[in-house]
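Below are the chains, spelled out letter by letter.
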2 protein chains.
Amino acid sequence: MTAKPDQMPDRPRPQGERIVISVDAMGGDAGPGVVIAGMAQSAKKNPDIGFILHGPEDTLKKLVARRRILAGCVSFRDAADVVTMEDKPSHVMRHGKSTSMWSTLTSVRDGEAHGAVSCGNTGALMALSILCLRRLPGISRPAIAVLWPSRNPQSFNVMLDVGADVRADAQDLLQYALMGASYARNGMNLPRPRIGLLNVGTEEHKGRPELKEAHGLIARFADQAHFDFVGFVEGRDIPGDVADVIVTDGFTGNVAIKTGEGTASLIGELLREAFRYSPLSRLASVLAITSLRRLQKRIDPSRVNGGVFLGLNGTVVKSHGGADATGVSSAIKLAFQLAQSGFSERLAARVASTAALAEDALTADPDAGKTNQNNEGGPKA
Amino acid sequence: MTAKPDQMPDRPRPQGERIVISVDAMGGDAGPGVVIAGMAQSAKKNPDIGFILHGPEDTLKKLVARRRILAGCVSFRDAADVVTMEDKPSHVMRHGKSTSMWSTLTSVRDGEAHGAVSCGNTGALMALSILCLRRLPGISRPAIAVLWPSRNPQSFNVMLDVGADVRADAQDLLQYALMGASYARNGMNLPRPRIGLLNVGTEEHKGRPELKEAHGLIARFADQAHFDFVGFVEGRDIPGDVADVIVTDGFTGNVAIKTGEGTASLIGELLREAFRYSPLSRLASVLAITSLRRLQKRIDPSRVNGGVFLGLNGTVVKSHGGADATGVSSAIKLAFQLAQSGFSERLAARVASTAALAEDALTADPDAGKTNQNNEGGPKA
């Protein structure tokens, strides 16, 4: 999930301010030990990071005490309850305020932390994030964005939504395009990202009605929002190089990333099998080990771990439920980098300026947006 | 796309009858030369095959004359026009009767051929197939089914729909389940295939309303139609081993297969790059060449080439537009195998018996279907 540091915008960290990440110790498949191991990895690589850790305080304090590197950079917030993977979002919204997940979000809401990380239940985390942090003005459906290994020079593409909401109308898809462009600009240092709208073909007559409508809307806002719209793209372009940001509804996006993960994992297994096949192929695997490790690093899901919730007042990174320590550390690094770049504030400014434009353009004169370019915010958001 | 011969049902070919495949020479990206090269490959492996070839007769005759193996097993039908990849299906339906694609389908409709193969425009081929061959009684939306490399013992899973129609309601998804089960039974010799319904999670409360409704419908028909329903599955299960048949709407299915193809192709490129990296890794690739070729064969898209159109009076196999000779030959082999197994007739019988059941169950008593098992057709369809 994390872009390499050299792909991040070259922007100084705010002077004298330690970046604090609020971490949900609970809710991942492997328990708090792995989360704390991930924090230790992050702290080792990055001495400027601080943590607020949420969960059963006594247990967590004992686990943290075993990691010398974490001494002095973790504070604790006791939370007795845990959101499980089986809990329904609607239930959690009513009864979830004693959980570590809710506590994790309140640290961001109250300004104690610059971003939040949780490995827990995605649906519940999104529901609680909306409840706790509130949507940005002008956003009706927040989205989850992931980075996806691609042929592009930056090695990754952004895709959203990958599962915040199973529905998206044309307006939502426009907002995803705006938020995705902002994320690509701040997270991957692309001044003018190329946006593609996912469909079953690249011809303009193909696909569902809301996609044809979204095609027109996104094209109209490309100039104001400083992105290039490449039109419809197909599933094969998600890891391709025709677009930097792939916009789709959360149902399709979720199926697509899981299909990609499943395909990569099957190929990996078959490759290992192929190398075990004969003495000659076993020898070959020894000779090629460095190259193969480099390849694995390039496509390892635990290194691209973390979906960012876009469209909220604050940064929330959802780590994979089955993440190992490296995966947790990647998610923390992403939250850190986004906090450091001031992404959340930039995105809010961008959405606010474009939402006003969109409203003008859509409610009054359909062409009004075209003459409104002076309202435009800075090109970095 | 093709199952291995040992995975096909062990059923004798009808005595004294040559299986004839109607082939569209035109409309593929590489022109008629590649199609004819594919036919030659098929004829070499399978002397019991005959062809009817459609397109500009003079040109085709010259190309076929160069392949000695095809002597005496090809007849020609002259067709002056070609459906291009850019033609809209609606246009082709009105003006397409002079095309090689239409001519190819008429040979199946008129009983001259046992199945049709075309590399052309998918939307146009589906539209003309519906017009020429007509839907099976009880089917409202025909579907395109593909085989997909998987962890299952049969090495492939069936997925449908992958793009015949961007919409599908609960009834359509039920029909896809029935047709997919029939295809898995006849194409992969699985007496009781396991059906999964694609969603964003396996919990029953997740997903779109039509999926929840389809979940109930498919579960209700599992026993009558001799399949096991494993409930909701996710993108990662498409190449997995929890289900043999993945049911979804044509929009999601199309994005999923193209994402899988794109991911596999990116990994293949990166792997070749990794092996070129150093003298040591180049030596390794030489030592591992046999194992790597075996792996490539297992996941090569041109060997799993061909979507089968289900729900029509006749077998139509859509080969990839960019297929090479091996790809065309795979598609022809699939059409041959399905014709040999009498799949089209079996599917028609199955759909007819279940459609009647479904109507009873849905219009009268919601529980009526459960007591109707005696109406059931043979377990092979």
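Above this text you will find the structure in question.
The model shown is predicted, which means the values in this text are computed figures rather than measured ones.

Colleague: Just to check I follow, could you spell out empty space enclosed by the protein for this structure?
Modeller: Rolled over the atoms, a probe sized like a water molecule indicates the empty space that remains. Residue and element names in this part refer to chain B. One pass over the full model with this rule turns up six cavities of 30 Å³ or more. Secondary-structure elements contributing two or more residues to the lining of the largest cavity are β10 (307-310) and α12 (343-363). When its residues are assigned to classes, the lining of the largest cavity shows seven nonpolar, four polar and no charged.

Colleague: Looking at this structure, how should I read the side chain of A:Thr104?
Modeller: Residues and elements named next belong to chain A. Within the secondary structure, Thr104 sits in helix α4 (residues 100-109). Here the side chain of Thr104 touches Ser100 through a polar contact of 2.6 Å, landing on its backbone oxygen. When sequence neighbours within four positions are dropped, the list of residues in contact with Thr104 reads Ser22, Val23, Asp24, His54, Ala116 and Val117.

Colleague: Help me understand the packing of aromatic side chains in this model?
Modeller: Each aromatic ring pair is described using two quantities: the centre-to-centre distance and the angle formed by the ring planes. The full count for this structure, using the stated rule, is two aromatic pairs over all chains. With a centroid separation of 5.7 Å and 50° between ring planes, the pair formed by A:Tyr183 and A:Phe343 is classed as tilted. Within this pair, whereas A:Tyr183 is found in helix α6 (residues 170-188), its partner A:Phe343 is found in helix α12 (residues 343-363), the two being separated by 160 residues in sequence. The residues A:Tyr183 and A:Phe343 share a single accessibility class, namely buried. For A:Arg208, the ring lying beneath its charged end belongs to B:Phe251, and the centroid distance is 4.2 Å.

Colleague: Teacher, can you tell me more about the relation of the copies chain A and chain B here?
Modeller: Relating one copy of the chain to the other takes a rotation about an axis and a shift parallel to that axis. Note on the identical chains: chain A maps onto chain B by a rotation of 180° and an axial translation of 0.0 Å, with an RMSD of 0.1 Å. Taken together, these values place the two copies in the relation of a two-fold axis. Looking at the rotation axis and the C-alpha trace of chain A, the residue lying nearest is A:Ala284, at 2.0 Å. Both copies contact each other with a shared surface, as 98% of the interface residues of chain A are interface residues in chain B too.

Colleague: Hey, could you run me through the sheet that holds β10(B) in this one?
Modeller: What holds strands together in a sheet is hydrogen bonding between their backbones, with the strands either parallel or antiparallel. All names here are of chain B. Pairing within the open sheet is mixed, and its 11 strands lie in the order β3-β2-β1-β4-β11-β10-β5-β6-β9-β7-β8. Here the strands that pair on one side only, and so sit at the sheet edges, are β3 (74-78) and β8 (228-233). Geometrically, the sheet is characterised by an average inter-axis angle of 25° between neighbouring strands, direction not taken into account. As paired strands, strand β2 (residues 49-55) and β3 are joined by five bridges and run parallel to one another. Looking across to β3, one finds that Phe51 is bridged to Val74. Against the sheet, helix α4 (residues 100-109) makes contact with β1 (19-24), β2, β3, β4 (115-118) and β11 (316-318), and its axis sits at roughly 165° relative to β1, the strand it touches most.

How each quantity is defined
- Residues numbered from 1 in each chain as written.
- Chains lettered and ligands numbered in written order.
- Predicted model: local features only at pLDDT ≥ 70, side-chain atom pairs only at ≥ 80, totals over all residues.
- Heavy atoms only, no water.
- 1 Å grid on protein atoms, 1.4 Å probe; cavity = no way out; pocket = protein on both sides within 12 Å on 5 of 7 lines; lining within 4 Å.
- Points joined across faces, edges and corners; volume = space filled by probe spheres on them.
- Helix = DSSP H or I, 4+ residues; strand = E, 2+ residues; numbered from the N terminus.
- Nonpolar A, V, L, I, M, F, W, Y, C, P; charged D, E, K, R; others polar.
- Polar contact = N/O pair within 3.5 Å; in protein donor to acceptor, adjacent residues only side chain to side chain.
- Contact = heavy atoms within 4.5 Å.
- Phe/Tyr/Trp six-rings, centres within 6.5 Å; stacked < 30°, edge-to-face > 60°.
- Buried < 20%, exposed > 50% of the residue type's maximum accessible area, 1.4 Å probe, protein only.
- Lys NZ or Arg CZ within 6 Å of the ring centre and 35° of its normal.
- Least-squares fit on C-alpha atoms with pLDDT ≥ 70 in both.
- Pairing = 2+ DSSP bridges.
- Axes fitted to C-alpha atoms, helices over the stretch in contact; angles between N-to-C directions.

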